[in-house]
Amino acid sequence: MKQILLARSVARTLWSMVALLVMSPALAAPAEYTTAPRPDWVQPVEVPKGKAGAGPVDDGLRNLLLDSQINLSGDRKERFFRFVMQPLRQQGLQQISSISLGFSPAYEELVIHDVSVVRDGVRSDRLATADIKLFQREEELDRDLYAERWTAMLLLKDLRIGDIVEYSYTVRGSNPVLGDKYFGRELLAWGVAIEQMYIGLLSPKAQPLYVRTSDGATRVRQRHEGSLTRYWVDIRNSAALRQEDGVPEWLSPYPYLEYTQYADWRQVNGWANTLYGATADPVPAEFARWLQELRGTPAYKAAMATQWIQEHIRYFGIEHGVNSHLPSSPLETYERRFGDCKDKTVLLIAALRYLGIEAHPALVSSVENLDLDVRLPSPGQFDHVITTFLLDGKRYWVDPTATSQNGELEAMSLPDFNWALVVNGEGEQLTRIEAVTPEQLSARISVEETLILDDNRQSAVLEVVSHYVGWSAEDMRAYAGYRDVDTITNDFLQFYARYFPAIEKLDPVEISEVDGRNELRVREKYRLRNVGESGGAQNLLKLAAASVVANISLPKARQRTYPFRLPGKLEVDERFTVIAKNSGDLRWLNGQNAETIANPWFEFSREVEKAPQQVTVNYRYQSLDKSVAPEQFAEYLQAIDRLDPSLTYSVWLAPVSVTPSERRDRARNLARDLLERK
């Protein structure tokens, strides 16, 4: 696709805001906080000693201590946080002057312990004088999720450069829908340098707790304290972990410590099965009548039911309290015509079972999912749910929250989630998500560009016909679904204006479906007022592989620590044809022999077909992988450099013939210009 990014429509955003205003009064719990001394179970941690400037500084802020401790031994989970920081410049002072503490009042209690400032060795209590504001902040509304998160903001007065600011608080409670077992994850490095990081866990001996670190190097220590066991890591001089652009979504650059009281995936499956037992609810009667009218194979009916829910049940999630994991009934989701992933999955499962297809929810992770099978089992490993079912011995995976899918079941793109927990109450392992056909993981873009020169060989008409297949069709369909024809036409016009500045549209862009397939056809037509680059009496016309270039990207970070994301299985075939009126209007430029390039990441070729009145350049690019390993990135850059000269092909357009009368006029004008300059 021509790298035109999908943007959410204004109407959709406004609807979400209106829905939030309507629902909030009934949902909102009174958000409050209390103050109390630090709890006795917390392990005291000394603040690192040292002069200002001795440790690392990020954005003018020295992070002395991050102290995070979790108590799993009581009736409610408790998370204690303590931060000690020192602003050394104005930028750092600006950051620390306000402190934000987040919590969910539906099931969590915020307890603020202390806020203090040390200036010239003298500590002063600032909790009593801090201006504390409570407000609701829904940062996920842009993703159509309403979670009812609240923030307590502490505004500190009389704060100066060089002060040491310390504050601590505890969040008590956890979402009851997550059951009676605890789990979690704590980062072992942040995007800023920290002089000391202490992470502790307090757990009863009688309840096994499984703990691991993702890097395998950070040591987790433990000791017994009566009936309890304390686990902890103590990290000194943690360097800032700098983000790199282009890191694949399935990889986390941040090392972490994870813990769980779940012994295996079977226990997690049992927990999930208690939530999705309602999938046995009957399909709504009106929907059942529509399903009865479907004709075709079970695979066809499954595709139609999935696409109907994708198209007619809008995505909007109310992630409030137990609603974060407990799905709504099929009838409720159908009648209100909106729902999140779990709601749409439950409705689809009801529909598929009505059609005689045994279907199940499948818990997945939309990020950091490549090595999910080696992580500790817990519900916290998942942030999304899709649907899976068996037909003719083949396991299919569909995502009812996906948009703009079309065609047969095996033509619908497969979500790239790698692993899933199929919820049936019995499964002991994760299931690898595999495609039924290669087409589910691939995309193809075929572009036919035809440039027809006028008699003067200085202007032309450009016609473009593009076919998008697989996930590229879904991307284009989603893009077009949020824009009117004028906006789409202008976007496409701007794309070609980079190669032909003097371009005008002749017809609006036409987008049409190719029946029965997950394929789109796009037609464009333009007038080019000036063709090529002037080279005296003739023009140099460069034929660029614009659609190939649009699907090749490079990151800003060229010295890589992490892999660089590639498109995956993508084929781009671009055929650029120039047609002249007369034989001899096109003159070849020598020294443009193309080469075929092949490496582990992509293949590329260019072929040229020449005729007296026509030249055709065939570009073919095929992406072969999903990422480039950091140790191979220099080699990948060399391959891109080698590719670059072959992405354009140039021809000379024959000089425009001049009549004797035009020649005399040009001479007369030239003489007049010379006289005027004297």
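In this text, all values refer to a predicted model and were calculated from it rather than measured experimentally.

What counts, and at which threshold
- All chains use their own residue numbering, which begins from 1 and follows the written sequence.
- Under the rules for a predicted model, residues below a pLDDT of 70 receive no local features and side-chain atom pairs below 80 are neither given nor counted, while totals for whole chains, interfaces and linings still include all residues.
- Excluded from the side-chain calculation are hydrogens and water; included are all heavy atoms of the structure.
- The classification of residues rests on relative accessible area computed with a 1.4 Å probe and restricted to protein chains. Under 20% of the type maximum is buried, over 50% is exposed, and intermediate values are partly exposed.
- Helix and strand assignments come from DSSP, with helices taken as H or I runs of at least 4 residues and strands as E runs of at least 2, each series counted from the N terminus.
- In this analysis, two residues are considered to be in contact whenever any of their non-hydrogen atoms come within 4.5 Å of each other.
- One requirement defines pairing of two strands: DSSP has to find at least two bridges between them.
- Geometry is summarised by axes, namely lines fitted to C-alpha atoms with helices restricted to the contacting stretch, and by angles between N-to-C directions that run from 0 to 180 degrees.
- Contacts described as polar in this section are N or O atom pairs within 3.5 Å, which, within protein, must combine one atom able to donate a hydrogen with one able to accept it, while residues neighboring in sequence count only if both atoms come from side chains.
- The span one expects for a helix is its residue count, reduced by one, times 1.5 Å.
- A side-chain nitrogen of Lys or Arg and a carboxyl oxygen of Asp or Glu constitute a salt bridge if their distance falls within 4 Å.

Peer 1: Give me the lowdown on helix α8 (residues 471-481), citing residues and values where you can.
Peer 2: Counting buried positions over the 11 residues of α8 gives 8, a clear majority of the element. Along α8, the residues classified as buried are Ser 472, Ala 473, Glu 474, Met 476, Arg 477, Ala 478, Tyr 479 and Ala 480. Where α8 is buried, its residues contact β25 (442-453), β26 (460-470), α9 (485-497), β27 (503-513) and β28 (519-528).

Peer 1: Any chance you could break down the sheet that holds strand β7 (residues 131-136) for me, citing the residues and the numbers?
Peer 2: A sheet is described by the order of its strands in space; here 3 strands give the open sequence β4-β9-β7, paired in antiparallel fashion. On the outer flanks of this sheet lie β4 (98-103) and β7, each paired with one strand and no other. Neighbour-to-neighbour, the strand axes of this sheet turn through a mean angle of 20°, independent of strand direction. Relative to strand β9 (residues 150-155), β4 is paired through 6 bridges, and the arrangement is antiparallel. Each residue of the ladder has a partner; that of Leu 101, found in β9, is Ala 152.

Peer 1: Requested: an account of the environment of Gln 622, with residues and values cited.
Peer 2: In this structure, Gln 622 sits in strand β36 (residues 614-623). Gln 622 sits in the partly exposed class, given a relative accessible area of 21%. Placed 18 residues apart in sequence, Gln 622 and Phe 604 show a C-alpha to C-alpha distance of 6.5 Å. Looking at Gln 622, its side chain comes within polar contact range of the side chain of Arg 620, at 3.0 Å.

Peer 1: How would you explain helix α7 (residues 341-354) if you had to name every residue and give the values?
Peer 2: Under the 1.5 Å per step criterion, the end-to-end length of α7 is 20 Å for 14 residues, consistent within 8% with the ideal 20 Å. Among the 14 residues of α7, 12 are classified as buried, and the element is accordingly described as predominantly covered. Taken as a whole, α7 has its buried residues at Cys 341, Lys 342, Asp 343, Lys 344, Thr 345, Val 346, Leu 347, Leu 348, Ile 349, Ala 350, Ala 351 and Leu 352. Just beyond α7, the residue with positive phi is Gly 356, at close to 85°.

Peer 1: Break down the pattern of salt bridges for me, citing the residues and quoting the values.
Peer 2: Where charged atoms from two side chains of opposite charge approach closely, those side chains can pair. All told, the structure shown has 40 salt bridges when counted by the stated rule. A salt bridge links Arg 38 to Asp 114; the nearest nitrogen and oxygen atoms lie 2.8 Å apart. Of this pair, Arg 38 sits in the loop between β1 (33-35) and β2 (61-71) while Asp 114 sits in strand β5 (residues 109-119), and the two are 76 residues apart along the sequence. Look at Arg 38 and you get partly exposed, because its relative accessible area is 31%. Asp 114 gets classed as buried once you look at its relative accessible area, which sits at 18%. Between Arg 82 and Glu 166 there is a salt bridge, with the nearest N and O atoms lying 2.8 Å from each other. Linking Arg 82 in strand β3 (residues 78-87) with Glu 166 in strand β10 (residues 164-172), this pair joins segments that are 84 residues apart in sequence. When its relative accessible area of 6% is taken as the criterion, Arg 82 is described as buried. Residue classification places Glu 166 among the buried positions, given a relative accessible area of 5%.

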